[in-house]
Amino acid sequence: MADLDDHFETADSGASATYPMQCSALRKNGFVMLKSRPCKIVEMSTSKTGKHGHAKVHMVGIDIFSNKKYEDICPSTHNMDVPHVKREDLQLIAISDDGFLTMMTEGGDLREDLKVPDGDLGDQLRSDFDNGKDLLCTVLKACGEECVIAIKNNSALDK
């Protein structure tokens, strides 16, 4: 008999974080998985078919979370994984002492699980918030990761 004491740690929908797409159908400024990282394609070139081979596609992509550069070459007829990328604008409400952002979704729910981004963007976000500006943070989500990639002034309150 099967043991019925199975224990499951997570209960997600089982949907994949990526979907397949033929190399030749990928475009510049689109998204693709390079070296198992979600990347935005910044450069793409196709080489001619050889004597016995396929046309090859050379791609250069920038990791959407770490900004690292990745390259890959693949036959144009092969499939590559494309990440499901979700983009969302959240209103910034507060910045905690330990560097976490308190943001409100369009539905009015509060989120407190994202850190202030590193580098110039984080410095800009802190200084604008400290100067009393009302900010919208653009959050990008893909492959179980998410981070703030951009900020802008909230113009909805001016109306």
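For clarity, every value in this text was computed on a predicted model and none was experimentally measured. Starting from 1, residues in each chain are numbered consecutively following that chain's sequence as written. It should be noted that, the model being predicted, local features are given only for residues of pLDDT at least 70 and side-chain atom pairs only at 80 or more, the latter also being counted only at that level, while totals for whole chains, interfaces and linings use all residues. In computing side-chain properties, one takes all heavy atoms of the structure into account and sets aside hydrogens as well as water.

## A few points about the pairing of strand E7 (residues 86–95)
Side-chain positions along a regular strand alternate between the two faces of the sheet.
Point 1. Sheet analysis places E7 next to strand E10 (residues 135–142), joined by 6 bridges and oriented antiparallel. Paired with aspartate 89 across the two strands is threonine 138, which belongs to E10.
Point 2. At least two DSSP bridges between two strands are needed for those strands to be called paired. Secondary structure elements are taken from DSSP: a helix is a run of H or I of four residues or more, a strand is a run of E of two residues or more, and numbering for both begins at the N terminus. Pairing between E7 and strand E8 (residues 100–104): 4 bridges, direction antiparallel. Counted as the bridge partner of isoleucine 95 is leucine 101 from E8.
Point 3. Where E7 folds back on E8, the antiparallel hairpin that results is connected by 4 residues, among which glycine 99 adopts a positive phi of roughly 90°.

## Some thoughts on the side chain of aspartate 128
Point 1. Within the fold, aspartate 128 resides in helix H1 (residues 119–130).
Point 2. Assessed through its relative accessible area of 9%, aspartate 128 is described here as buried. Exposure classes here rest on a 1.4 Å probe applied to the protein chains alone. A residue is buried below 20% of its type maximum, exposed above 50%, and partly exposed in between.

## Looking at the sheet that holds E8
Point 1. The 5 strands are arranged E9-E8-E7-E10-E11 in an open sheet whose pairing can be described as antiparallel. Among the strands making up the open sheet, the edge pair consists of strand E9 (110–115) and strand E11 (145–153). Taken pair by pair, the neighbouring strands of this sheet meet at an average axis angle of 45°, ignoring direction. Helix axes are fitted to C-alpha atoms over the stretch in contact, other axes to C-alpha atoms as well, and angles between N-to-C directions run from 0 to 180 degrees.

## A closer look at the state of the cysteines
Point 1. Our working definition of a disulfide is a cysteine sulfur pair at a distance within 2.5 Å. If you walk through the whole model with that rule in mind, you get 1 disulfide.
Point 2. There is a disulfide in this structure between cysteine 23 and cysteine 74, and the S-S distance comes to 2.3 Å. Every disulfide takes its handedness from the sign of the S-S torsion; for cysteine 23 and cysteine 74 that torsion is 130°, giving right-handed. A residue pair is termed long-range when its members are at least 10 positions apart, and cysteine 23 in the loop between strand E1 (18–22) and strand E2 (31–34) and cysteine 74 in strand E5 (residues 69–75) qualify at 51 residues. Like cysteine 74, cysteine 23 is buried.

## Here we look at the pattern of salt bridges
Point 1. Salt bridges are defined as contacts in which a side-chain nitrogen from Lys or Arg sits within 4 Å of a carboxyl oxygen from Asp or Glu. Going through the model one piece at a time under the given rule, you end up with 6 salt bridges.
Point 2. In this structure, the salt-bridge partner of arginine 37 is aspartate 63, at a minimum N-O distance of 2.6 Å. Of the two residues, arginine 37 is situated in strand E3 (residues 37–47) and aspartate 63 in strand E4 (residues 56–63); the sequence distance between them amounts to 26 residues.
Point 3. The partner of arginine 111 in a salt bridge is aspartate 113, with the nearest N and O atoms 3.0 Å apart.
Point 4. Salt bridges linked by common partners bring Arg37, Asp63 and Glu145 together as one network.

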